[in-house]
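Structural characterization, general
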4 protein chains.
Amino acid sequence: MRMKIDVTLDYGLESPGPALLLVEAAGVQGQILNRASIDLGQPLKSARVPGEEGIGERLILRLEDSLTCRYSAEVEVTRPQPDLQRLSAVEVEDMPGDALRYMLPSRYCPAERFGHFVASRFEGLTGGPLVAALRDWVERNLDYVSGASDGDTTAADTFLDRRGVCRDYAHLMISLCRAAQIPARIASVYAPPVDPQDFHAVVQVYLDHDWHLVDPTGMARADQMALVAVGRDATDVAFLTTTSVAELKTQLVEVSEV
Amino acid sequence: MRMKIDVTLDYGLESPGPALLLVEAAGVQGQILNRASIDLGQPLKSARVPGEEGIGERLILRLEDSLTCRYSAEVEVTRPQPDLQRLSAVEVEDMPGDALRYMLPSRYCPAERFGHFVASRFEGLTGGPLVAALRDWVERNLDYVSGASDGDTTAADTFLDRRGVCRDYAHLMISLCRAAQIPARIASVYAPPVDPQDFHAVVQVYLDHDWHLVDPTGMARADQMALVAVGRDATDVAFLTTTSVAELKTQLVEVSEV
Amino acid sequence: MRMKIDVTLDYGLESPGPALLLVEAAGVQGQILNRASIDLGQPLKSARVPGEEGIGERLILRLEDSLTCRYSAEVEVTRPQPDLQRLSAVEVEDMPGDALRYMLPSRYCPAERFGHFVASRFEGLTGGPLVAALRDWVERNLDYVSGASDGDTTAADTFLDRRGVCRDYAHLMISLCRAAQIPARIASVYAPPVDPQDFHAVVQVYLDHDWHLVDPTGMARADQMALVAVGRDATDVAFLTTTSVAELKTQLVEVSEV
Amino acid sequence: MRMKIDVTLDYGLESPGPALLLVEAAGVQGQILNRASIDLGQPLKSARVPGEEGIGERLILRLEDSLTCRYSAEVEVTRPQPDLQRLSAVEVEDMPGDALRYMLPSRYCPAERFGHFVASRFEGLTGGPLVAALRDWVERNLDYVSGASDGDTTAADTFLDRRGVCRDYAHLMISLCRAAQIPARIASVYAPPVDPQDFHAVVQVYLDHDWHLVDPTGMARADQMALVAVGRDATDVAFLTTTSVAELKTQLVEVSEV
């Protein structure tokens, strides 16, 4: 599947300072960047560093009073949609350090607290079938409500509030997976079916010695996603991190199949 | 400085399962391992993966009903005590990705919430002198009280409760540093002056393009510490992580200058 | 039903100061105090004030370095066990202020957060049948585990952790009831079937223009309870509140049918 | 001082249901209601119950799809501004139950956590002089920032965030007073100097056997306030409580000296 991505960001900043930007489709296996261009206006300075796990790149910008970004790309997605039912769990002693890390609790994913719930509600399931059941539970039990959560909302909050947006769905599913000793991390992606179109957050689970993309909101399939970045939770994959207060003027994400 | 480290752990486990152990002094610049040995009894299986940032190693153990560990080592510490007053801040656009990561909030270090306090209380300070002032503030305003905190205690809690143990001191200082855009991470160490002797947690700050060890409890100097592991916060450097309930039988840490 | 109550408390105090004690069976409709005596040793000063809603009495003690209390009573319980299925909800505009107050969230009972869960899971039920269903859900989904909670544990925590002690059961059921606009408050009681014997916390719900005792742990019936005090949550009915750190030496609660 | 109060509320409701309204100046000592009128449009049903401590009245309304309220009153305030420096603390054993209640922690005021801070920072002070020092500390250390807090913000949050609105100032000062064993409660008031004009929240402290109004934002004096209601914290004195989502159309508060 081939998709066209166009992003326009225009923010005013209360005071000069640095910003992190994480919006470019990553050059990784499973997707081919046919073309990509980014125009960042006139930052005072800029630099690039690799994203978490070497996936994608963080753009560091030193800004004066505004941030502008025009990003345009065409990505061909070659990865298949995983068949979770056929994937098996990896024993912890066979995991690389890069997977092990994603079994631990993190800021928005207090996984250790979900142990009792997962053990009693999903008894008997393991590996991919368990992940599929966890994904289904999250989709069935949450309502997608914009504005129902904010930057402090953890998976523990979402478990109680029963609503949220894509990052809340992702945090809850990640927490459930980790509670079941299945490595899980957040992934920011572009995907044409996301409605309304926006930056999107989904889950990567580690099964059968590889990472697999799963969308607990049910909006997109793995073969419809262009991967931007991964991390422990939303902290690591925020498309924009600033120290100054940033005032939104324009934020436009357009993703379409071509 | 040369130190001798002897650790004895003996835990009973409620049910079989995996465990992570992170107790060995790391092979890193600034310290030389003269000798080291570890005896883990008879785990069903075991494996080793690198710790965070490739520092130290996590031991993965698959256990039946108990964990035993005898670790013994002699370490020569060659790193100097940093003179914080002479170290300058690194501009964010000059930071490597491995430092940038430690400017972000994490589970126990909700750094974004400390911005107002740091900006108003420590106005005008930057770089090493600011880090020194933050370190002093933490030491002066906290009381070291065993049992005053637990595995849920964040730096926000400690800021209010004004007491805690070494990990709480570390989390609070890390949060203050990150709020000031100075990368800071937790470091687990052995240090002879720690009283009572135990696993110890301190802070590493990124100044002048390098990481520097600082102990906000004031118990140890950088040239008295054998580094074990680093990470975003206590989640990453716990000496023992189990999924089963672990019952402590023996936990003995002996560290002495030789 | 007639019960004999014997309580022995013996605490050491780190520093002199006041304490609140709330351990005496209340003189209220539904129970008759055949006899009652309390020996508080030698407090520097003492006073009595009414408990919340005029039910029971708080003992104020000014203490030096210890608290001792011997309380002994015989209570005849005459209230019947309510048949929840036959009780109907009271319209909010018909509620007295004393009931209305117990529809609001409180410290341990963030009731407003349970609205979505209650509305979707218990759709169609009202009044007593709804209360019965909420009570059953709490009993079925929680495990009674001593030490699994502490003085910071809210009903939101318990909803996730799925375990706790009597006060956690009570806080969760209270939160669910209030989320359904049914006034609910905590009640501290003595009850012979409680095992192991201890101070016990249950729920009072306001249905059919009266308050009814319900035990979400399933350990006791309303006709087996001697009521001590009521309140918004555990804050109001703690058997002992001190400002100094109190060290437990003896705490013995014996309740038996006679 | 005489003041004129005019309040206009106009809300749309997502679904029919009950609402609590708490906007009328109370008939209490220290203020005389020269005239008062309230027009609530056409609620399906309505009732009145006393507010907390019998101060003021809660209006219970059963609404269809909107809430409208026009409240107009003229109040003569006769209470003097208290001279905190001359007021002494009341011993806990001399307190009535109605004061004792306000020494306990509550939902937004986790007072027990402020004990260490108050004891170390305000050592040696008691009674009115301590209250004055706590009031001054809150005013000096917080910034008044609209939108910096929300309905979940506790005094522990505000202590860290260092900013908020009147209710946050009040919650923090209440928590500090209770931590010092001085009964303190929230009071909702009208006061002409409040800028921008709005419902206002201040603190009542119990000193010298009476309650005294204190405004930690520094905007109003006790002799400039018309008291509406009191309670443990904002939960008890919200001007509007609904179960349905309420959409603000008009909310106008005009208070002027006449």
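Remember, predicted model here, so these are calculated numbers, not experimental data.

Notes on the pairing of strand β6 (residues 66-77) of chain C
Residue and element names in this part refer to chain C. Of the strand pairs in this sheet, strand β1 (residues 2-13) and β6 are connected by eleven bridges, and their pairing is antiparallel. Note that in β6 the partner of Lys-4 across the bridge is Glu-74. The sheet contact formed by strand β3 (residues 31-39) and β6 spans eight bridges and is antiparallel. For Gln-31, the partnering residue across the bridge sits in β6 and is Val-77.

As for the interface of chain A and chain B
Opposite the 29 residues of chain A that make contact, chain B presents 29 residues. Interface area, chain A with chain B, both sides summed: about 2,700 Å², of which 57% is carbon and sulfur. In terms of surface lost to chain B, no three residues of chain A exceed Glu-93, Leu-104 and Arg-107 of chain A, which account for 22% of the buried area on that side. For Arg-232 of chain A, the salt bridge identified is with Glu-52 of chain B, shortest N-O distance 3.2 Å. Taken together, chain A and chain B are joined by 13 residue pairs in polar contact (both at pLDDT 80 or more). Residue assignment for the side of chain A that touches chain B shows that the elements contributing at least two residues are β2 (17-21), β4 (45-50), β5 (57-63), α1 (97-100) and α6 (234-237) of chain A.

Comments concerning the UniProt feature "domain: Transglutaminase-like" (unreviewed entry) in chain A
Summarizing the sequence annotation, UniProt attributes the feature "domain: Transglutaminase-like" (unreviewed entry) to residues 158-218 of chain A in the numbering used throughout. Across residues 158-218 of chain A, the secondary structure splits into 30% helix and 36% strand, with the terminal C-alpha atoms separated by 17 Å.

Description of the relation of the copies chain C and chain A
With an RMSD of 0.0 Å, the operation that places chain C on chain A is a rotation of 180° combined with a shift of 0.0 Å along the axis. Here the copies are linked by what is in effect a two-fold axis. Across chain C, the rotation axis passes nearest the C-alpha of Leu-160 of chain C, at a separation of 3.8 Å. The share of interface residues of chain C whose copies in chain A are also at the interface is 100%, consistent with both copies meeting through the same surface.

Here's the deal with the packing of helix α3 (residues 127-141) of chain D against helix α5 (residues 166-179) of chain D
All names here are of chain D. Their axes nearest at 10 Å, the elements α3 and α5 cross at an angle of 145°. Here α3 runs over α5; the crossing is right-handed. For the pair α3 and α5, contact is made by Val-131, Leu-134, Arg-135, Trp-137, Val-138 and Glu-139 and by Tyr-169, Leu-172, Met-173, Leu-176 and Cys-177, respectively.

Structural notes on the interface of chain C and chain A
Contacts between the two partners involve 13 residues from chain C, matched on the other side by 13 residues from chain A. For the pair chain C and chain A, the summed buried surface comes to about 1,300 Å²; carbon and sulfur atoms form 55% of the total. Taken as a group, Arg-113, His-116 and Leu-160 of chain C account for 50% of the area that chain C buries against chain A, more than any other trio of residues on that side. Counting across the interface, chain C meets chain A through four salt bridges.

As for the nonpolar core
Judged by nonpolar contacts, the single largest core of 137 residues is most densely connected at Leu-21, Tyr-190 and Val-205 of chain B together with Leu-21, Tyr-190 and Val-205 of chain D. Discounting chain neighbours no more than four positions away, the residues touching Val-205 of chain B are Val-131, Met-173, Cys-177, Ile-182, Pro-183, Ala-184, Asp-210, Trp-211, His-212 and Val-214 of chain B. If you look at the next biggest cluster of nonpolar residues, it comprises 136 residues, including Cys-109 and Trp-137 of chain A together with Phe-122 and Ala-179 of chain C.

What counts as what
Residues numbered from 1 in each chain as written. Chains lettered and ligands numbered in written order. Predicted model: local features only at pLDDT ≥ 70, side-chain atom pairs only at ≥ 80, totals over all residues. Heavy atoms only, no water. Pairing = 2+ DSSP bridges. Helix = DSSP H or I, 4+ residues; strand = E, 2+ residues; numbered from the N terminus. Contact = heavy atoms within 4.5 Å. Buried area = accessible area lost by both parts, 1.4 Å probe. Salt bridge = Lys/Arg side-chain N within 4 Å of Asp/Glu carboxyl O. Polar contact = N/O pair within 3.5 Å; in protein donor to acceptor, adjacent residues only side chain to side chain. UniProt positions renumbered as here; feature names shortened; annotations may be inferred. Least-squares fit on C-alpha atoms with pLDDT ≥ 70 in both. Axes fitted to C-alpha atoms, helices over the stretch in contact; angles between N-to-C directions. Left-handed = near helix turned anticlockwise from the far one by under 90°. Core = buried A, V, L, I, M, F, W, Y, C linked by side-chain atoms within 4.5 Å. Buried < 20%, exposed > 50% of the residue type's maximum accessible area, 1.4 Å probe, protein only.

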